[in-house]
2 protein chains.
Amino acid sequence: MTIAHDSRTDAAPPALAEVMQRLGQRLSVAKDEGIFTQDDEADRVHLVVSGAVRTTRLLGDGRRQVAGFYYPGDLIGPETGALHRFSAEAVCDAAVLMVRRAALKAYAGEAGFERAFWEAARRELERTHDHLLVLGRKTACEKVASFLKSLALRQGADSASMPMSRQDVADYLGLTIETVSRMLTQLQGQSVVAFDGTRRFKVTRWDALEQMAA
Amino acid sequence: MTIAHDSRTDAAPPALAEVMQRLGQRLSVAKDEGIFTQDDEADRVHLVVSGAVRTTRLLGDGRRQVAGFYYPGDLIGPETGALHRFSAEAVCDAAVLMVRRAALKAYAGEAGFERAFWEAARRELERTHDHLLVLGRKTACEKVASFLKSLALRQGADSASMPMSRQDVADYLGLTIETVSRMLTQLQGQSVVAFDGTRRFKVTRWDALEQMAA
DNA sequence: CGCTGGATTGAGTCCGGTCAAGCCTTGTGG
DNA sequence: CCACAAGGCTTGACCGGACTCAATCCAGCG
């Protein structure tokens, strides 16, 4: 497995990815299966190998907020506290590399290693700040357009796959599945994107998508 | 100046605060004056000494999202990238300590120092994740209640001051000033809080406040 | 005392949520 | 290979919470 470092993604930088491959234990997770749970002891670090993973937080009455989606090469929500602040589950069948934090510590001095972890955390924070702006100040249409745009950018192509369910997207954007569905229909009607099945789409008018994402 | 380390706040841990006091340049900022601007080079770190500071991001058409508020002892949005991802302005007359990042580097090896910076970044990320949940999944009333609760908790007393304007609160919570105002009136009507003037309030029923914050 | 700008209140609208069908895909068993 | 069931997605009708626009209030200040 080779993991390219691409500034558009949260890909773990080479130094970190390499160490994780050396020390990590591979773990297969079925769709919707948990990887860790909120308030669990956070003594392990996880790197996505294949599939996709979501991190979530729950409100007492069941309302759910998806904090982020993670793809091959991404560190799952790099945390440094004692306990996990959210849960992580597989969005579709996935595989992750898991390594004890204590084991990673041994490499703390290695060139580029410390920095690599910092980098991952920094990107996580930046992404979360972008997410804040989307949740707080964008309309339903802008939210969905932003989401499609980021999916396509991350995959670096006009055609992109969307491995998560409508419910996952809704909980990520602070909307309902019905609204997400309507906005997708609307964007298709305006020929901004074209869906091929329910989990794959192509950007047909980048300029319009950019504009609608605000 | 003594800065106590309190786990309820984003207060910079002693090691970091001490170094900043030794090396830092003191800067006075008037209400609404900028401290740094989005896309500026991020070559300095700022510690709030007095007053309060907000960090903001703007959308092209002027919509604004307040990312966070910072109080005495807090590091302002610890960033590690080359450029600032947001702007920082004084919410009211304030003073900050400013130190060049390069100067801080010299202390990278000092006991507890590295860890102190990590801690600050970690708390920033945790707080931002809480903020995500509020923006994405809470109602207007719950948002305002959560905000008042966090203000009171941070100040560790039933009576708390609210240095920022209604507009700042609205942009932090993803609401309009009118809605914020209505919710404040409503919470007062239910005797959950009592305002003394427009910038100071007292929590009269903690149980109710907790419940309304969801 | 009036001026000024922030805060509150009110009336009406609209965006996104709710509830309820209906559709389409996928998988399973006959 | 088809029939059928199950679950996810879409669509429609309606509703209501938050927004908009506008008037008024109020505190701070010259």
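Residues numbered from 1 in each chain as written. Chains lettered and ligands numbered in written order. Predicted model: local features only at pLDDT ≥ 70, side-chain atom pairs only at ≥ 80, totals over all residues. Heavy atoms only, no water.

Right, let's talk about the pattern of salt bridges for a bit. For side chains of opposite charge, pairing can occur when their charged atoms come near one another. Taken as a whole, this structure holds 38 salt bridges over all chains when the rule is applied. A salt bridge links A:Asp168 to A:Arg64, with the nearest nitrogen and oxygen atoms 2.8 Å apart. In this pair, A:Asp168 is assigned in helix α5 (residues 166–173) and A:Arg64 in strand β5 (residues 64–70), connecting sequence segments 104 residues apart. With a relative accessible area of 4%, A:Asp168 lands in the buried category. Given a relative accessible area of 16%, A:Arg64 falls into the buried group. A salt bridge links B:Arg44 to B:Asp43, with the nearest nitrogen and oxygen atoms 3.7 Å apart. With relative accessibility at 32%, the residue B:Arg44 sits in the partly exposed group. (Salt bridge = Lys/Arg side-chain N within 4 Å of Asp/Glu carboxyl O. Helix = DSSP H or I, 4+ residues; strand = E, 2+ residues; numbered from the N terminus. Buried < 20%, exposed > 50% of the residue type's maximum accessible area, 1.4 Å probe, protein only.)

With that settled, consider α5(A). For α5(A), the buried fraction is high: 6 of the 8 residues fall into the buried class. All buried positions along α5(A) are accounted for by A:Asp168, A:Val169, A:Ala170, A:Asp171, A:Tyr172 and A:Leu173. Along its buried surface, α5(A) packs onto β4 (53–58), β5, α3 (113–137), α4 (140–155) and α6 (177–189) of chain A together with α3 (113–137) of chain B. Two residues or fewer past α5(A), A:Gly174 is found with a positive phi of approximately 70°. (Contact = heavy atoms within 4.5 Å.)

This part covers the interface of chain B and chain A. Contact with chain B, which involves 36 residues of that partner, is made by 36 residues of chain A. Carbon and sulfur atoms supply 62% of the area buried between chain B and chain A, which totals about 3500 Å² over both sides. Among the residues of chain B in contact with chain A, B:Trp118, B:Leu132 and B:Arg137 are the three that bury the most area, contributing 23% of the side total. Viewed at the interface, chain A and chain B are joined by 10 salt bridges. One salt bridge connects A:Arg137 with B:Asp171, and the closest N-O pair in it is separated by 2.8 Å. For the interface between chain B and chain A, the tally reads 14 residue pairs in polar contact (both at pLDDT 80 or more). Elements with a contribution of two residues or more to the side of chain B that touches chain A: β5 (64–70), α3 and α5 (166–173) of chain B. For the side of chain B that touches chain A, the leading source of residues is α3(B), giving 17 residues. Considering only residue class, the side of chain B that touches chain A consists of 14 nonpolar, 9 polar and 13 charged. (Buried area = accessible area lost by both parts, 1.4 Å probe. Polar contact = N/O pair within 3.5 Å; in protein donor to acceptor, adjacent residues only side chain to side chain. Nonpolar A, V, L, I, M, F, W, Y, C, P; charged D, E, K, R; others polar.)

What follows covers unusual backbone geometry. Residues and elements named next belong to chain A. Here Asp 39, not a glycine, exhibits a phi torsion of approximately 75°, which is positive. Its identity is not glycine, yet Ser 191 carries a phi of approximately 55°, on the positive side. Looking at where Ser 191 falls in the secondary structure, it is placed in the loop between α6 and β9 (193–195).

Counting residues in each nonpolar core, the largest one holds 36 residues, and the members touching the most others are A:Met20, A:Leu75, B:Met20 and B:Leu75. Elements with a minimum of two residues in this core: α1 (14–23), β3 (44–50), β7 (94–100) and α3 of chain A together with α1 (14–23), β3 (44–50), β7 (94–100) and α3 of chain B. (Core = buried A, V, L, I, M, F, W, Y, C linked by side-chain atoms within 4.5 Å.)

This next bit is on the side chain of A:Asp168. Of note is the side chain of A:Asp168, whose polar atom sits 2.8 Å from the side chain of A:Arg64. Residues in contact with A:Asp168, not counting those within four places in the same chain, are A:Arg54, A:Arg64, A:Val66, A:Phe69 and A:Val91.

Now for the packing of aromatic side chains. All names here are of chain A. A full pass over the atoms with the stated rule returns 9 aromatic pairs over all chains. Arranged with centres 5.2 Å apart and planes meeting at 45°, the rings of Phe 69 and Tyr 172 form a pair that is tilted. Placement of Phe 69 in strand β5 and of Tyr 172 in helix α5 is noted, with a sequence separation of 103 residues between them. The same class applies to Phe 69 as to Tyr 172, namely buried. By the ring-pair criterion, three or more aromatic residues cluster together here, those being Phe 69, Phe 147 and Tyr 172. The lysine or arginine in question, Arg 127, covers the ring of Tyr 70, its NZ or CZ lying 4.9 Å from the ring centre. (Phe/Tyr/Trp six-rings, centres within 6.5 Å; stacked < 30°, edge-to-face > 60°. Lys NZ or Arg CZ within 6 Å of the ring centre and 35° of its normal.)

Moving on to the domain arrangement of chain A. Residue and element names in this part refer to chain A. Domains assigned within chain A are domain 1 (14–135) and domain 2 (139–213). Domain 1 and domain 2 are separated by 24 Å when their C-alpha centres are compared. Tallying the contact residues gives 16 residues for domain 1 and 12 residues for domain 2. Buried area between domain 1 and domain 2, summed over both chains or domains, comes out near 1300 Å², and the portion from carbon and sulfur atoms is 56%. (Domains from an automatic or database assignment.)

What follows deals with the protein's contact with DNA strand C. Not every one of the 16 residues close to DNA strand C is listed here, only the nearest: A:Thr179, A:Arg182, B:Arg166, B:Ser181 and B:Thr185. Sugar and phosphate atoms constitute 68% of the interface atoms of DNA strand C, taking the interface as everything within 4 Å of the protein. A:Thr179 places a side-chain nitrogen or oxygen 2.4 Å from a phosphate oxygen of DNA strand C. Here a base nitrogen of DNA strand C sits 3.0 Å away from a polar atom, N or O, in the side chain of B:Arg182. Those elements that provide at least two residues to the surface near DNA strand C are α6 of chain A together with α6 (177–189) of chain B. For the surface near DNA strand C, the leading source of residues is α6(B), giving 4 residues. (Near = heavy atom within 4 Å.)

As a further point, take the sheet that holds strand β1 (residues 25–29) of chain A. All names here are of chain A. Ordered by their spatial adjacency, 3 strands build an open sheet running β1-β7-β3, and the pairing between neighbours is antiparallel. Single-partner strands in this sheet number two, and they are β1 and β3. With strand direction ignored, the average angle separating the axes of adjacent strands in the sheet is 30°. As defined by bridge partners, β1 adjoins β7 across 5 bridges and the pair is classed as antiparallel. The residue of β7 that forms the bridge with Gln 25 is Met 98. (Pairing = 2+ DSSP bridges. Axes fitted to C-alpha atoms, helices over the stretch in contact; angles between N-to-C directions.)

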